[in-house]
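Next come the chains, spelled out residue by residue.
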Amino acid sequence: MAEAPGMEFVGEAEVAVAPVQRIGAGPLGERRIVPILGGRVSGPRLAGEVLPGGADFQLIRPDGVTEIVARYSLRLADGALVYVVNRGLRHAAPEDQARLLRGERVPPERIYFRTAPVFETEAPAHAWLHRSLFLGFGEREPECVRIRFFAV
């Protein structure tokens, strides 16, 4: 049996977010949209800015798990544009989940927040983004989200 795959840290995004827009409860759970205001990405392989205008689309399922699909774009330090679709799951103990949903800070070690980002760009210098799978480790703060990206 082969060893577990290693991971290479490529960068961390710190993304400013607007207040949550609550769409309301539907048959699959509660729908919410979190507008992205902008931010920074920094690291050994990804550096630049998170452009305003994206959003994090959430479904809070009846079992308490939040399904996340964030769509946004990056402008890297060399000017290259990168489109990102970042799908993931976030969950916690019911009392911590309630605090998160109220916009309160919860220590990140108490929250499971993992994503699988997919990057797309026409820039040849960043074609490496199309040749790996990535894993994101997220933290939610009241006014921002931090995600550390690793190539697997």
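Let's talk about a nonpolar patch on the surface
A cluster of nonpolar side chains, Met 7, Leu 133 and Val 152, forms an exposed patch at the surface whose accessible area comes to about 310 Å². The partly exposed category is assigned to Val 152, whose relative accessible area is 49%.

Remarks on empty space enclosed by the protein
Summed over all chains, the structure comprises two cavities of 30 Å³ or more. By volume, the largest cavity amounts to about 130 Å³. The wall of the largest cavity is formed by 13 residues, among which Asp 56, Ala 70, Tyr 72, Val 145 and Ile 147 lie closest to the centre. Among the secondary structure elements, those contributing two or more residues to the lining of the largest cavity are β1 (8-17), β3 (29-42), β6 (66-76), β8 (111-120) and β10 (144-151). Here the lining of the largest cavity is built from residues that sort into ten nonpolar, two polar and one charged. Quantified by volume, the second largest cavity comes out at close to 40 Å³. Around the second largest cavity sit Leu 100, Val 106, Pro 107, Pro 108, Ile 111, Phe 113, Gly 138, Glu 139 and Arg 140, which together line it. Elements with a minimum of two residues in the lining of the second largest cavity: β8 and β9 (134-140).

What counts, and where the lines are drawn
- Residues numbered from 1 in each chain as written.
- Predicted model: local features only at pLDDT ≥ 70, side-chain atom pairs only at ≥ 80, totals over all residues.
- Heavy atoms only, no water.
- Patch = residues over 30% accessible without salt bridge, like charges linked within 9 Å, V, L, I, M, F, W, Y side chains within 5 Å.
- Areas by Shrake-Rupley, 256 points an atom, 1.4 Å probe, with all protein chains shown as cover.
- Salt bridge = Lys/Arg side-chain N within 4 Å of Asp/Glu carboxyl O.
- Buried < 20%, exposed > 50% of the residue type's maximum accessible area, 1.4 Å probe, protein only.
- 1 Å grid on protein atoms, 1.4 Å probe; cavity = no way out; pocket = protein on both sides within 12 Å on 5 of 7 lines; lining within 4 Å.
- Points joined across faces, edges and corners; volume = space filled by probe spheres on them.
- Helix = DSSP H or I, 4+ residues; strand = E, 2+ residues; numbered from the N terminus.
- Nonpolar A, V, L, I, M, F, W, Y, C, P; charged D, E, K, R; others polar.

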